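Observations on chain architecture
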Amino acid sequence: MKYAIMLAVPFIAFTSAAQQVQVERIFTNAGYPYKNLIMKAERVELVYTEKQDKTTCRVKVYNDDTLHQGEQVEISSKAFSNNPVKSCLARKNAKQILSLL
């Protein structure tokens, strides 16, 4: 019985590690309101998919137990690589979310 428990622990640890999502850190120098939004929020996620020369993305902002998110937009891959947060979240929406934090 002791050996069964010892084998179960590494298996559980392996399966939980396999389900983790890859996280990539993106830094922005876009200025107001984007920098303030990132600094004030608990967590900011940039969800995107790339297909050829187009990128579809959305920004999700978490604060406490509340989720605020921008609309899904399709932009060029070049615009996304230059300013990902600014390209995926309209300035008006970023200011509105910032006011709610």
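Heads up: these notes are all about the structure in this document. (Residues numbered from 1 in each chain as written. Predicted model: local features only at pLDDT ≥ 70, side-chain atom pairs only at ≥ 80, totals over all residues. Heavy atoms only, no water.)

**Things to note about the overall build of the protein**
Secondary structure summary: the protein contains five helices and four strands in total. Across the protein, helices and strands are ordered from the amino to the carboxyl terminus as α-α-β-β-β-β-α-α-α. For the protein, the proportion of its 101 residues judged to be buried stands at 26%. For the protein, long-range pairs separated by at least 24 residues make up 40% of all intrachain contacts whose partners lie at least 6 apart in sequence. Here the protein has roughly 7,900 Å² of accessible surface; of this, 53% comes from carbon and sulfur atoms. (Helix = DSSP H or I, 4+ residues; strand = E, 2+ residues; numbered from the N terminus. Buried < 20%, exposed > 50% of the residue type's maximum accessible area, 1.4 Å probe, protein only. Contact = heavy atoms within 4.5 Å. Areas by Shrake-Rupley, 256 points an atom, 1.4 Å probe, with all protein chains shown as cover.)

**Let's talk about the state of the cysteines**
Counted under the stated rule, the structure contains one disulfide. For cysteine 57, the disulfide goes to cysteine 88, at an S-S distance of 2.0 Å. Here cysteine 57 and cysteine 88 share a disulfide; its torsion about the S-S bond, -105°, makes the bridge left-handed. Of this pair, cysteine 57 sits in strand β2 (residues 54-63) while cysteine 88 sits in helix α4 (residues 84-88), placing them 31 residues apart in sequence. Among the residues examined, cysteine 88 registers a relative accessible area of 2% and is labelled buried. (Disulfide = S-S within 2.5 Å.)

**Regarding the packing of aromatic side chains**
Aromatic rings considered in pairs are described by the distance between their centres and by the relative angle of their planes. Evaluation of the coordinates by the stated rule reveals one aromatic pair. With a centroid separation of 4.7 Å and 45° between ring planes, the pair formed by tyrosine 48 and phenylalanine 80 is classed as tilted. With tyrosine 48 in strand β1 (residues 43-51) and phenylalanine 80 in helix α3 (residues 77-82), the pair connects residues that are 32 residues apart, well separated along the chain. According to the relative accessible area criterion, tyrosine 48 is partly exposed, its value standing at 29%. The residue whose ring lies beneath arginine 43 is tyrosine 62, and the NZ or CZ to ring-centre distance is 4.2 Å. (Phe/Tyr/Trp six-rings, centres within 6.5 Å; stacked < 30°, edge-to-face > 60°. Lys NZ or Arg CZ within 6 Å of the ring centre and 35° of its normal.)

**Considering the nonpolar core**
In terms of nonpolar packing, the biggest core is built from 16 residues, with Leu37, Val59, Val61, Phe80, Cys88 and Leu89 touching the most fellow members. For this core, the secondary structure elements donating two or more residues are α2 (34-40), β2, α4 and α5 (91-100). Other than its neighbours up to four places away in sequence, cysteine 88 contacts Leu46, Cys57, Val59, Glu71, Val73, Ile75 and Phe80. (Core = buried A, V, L, I, M, F, W, Y, C linked by side-chain atoms within 4.5 Å.)

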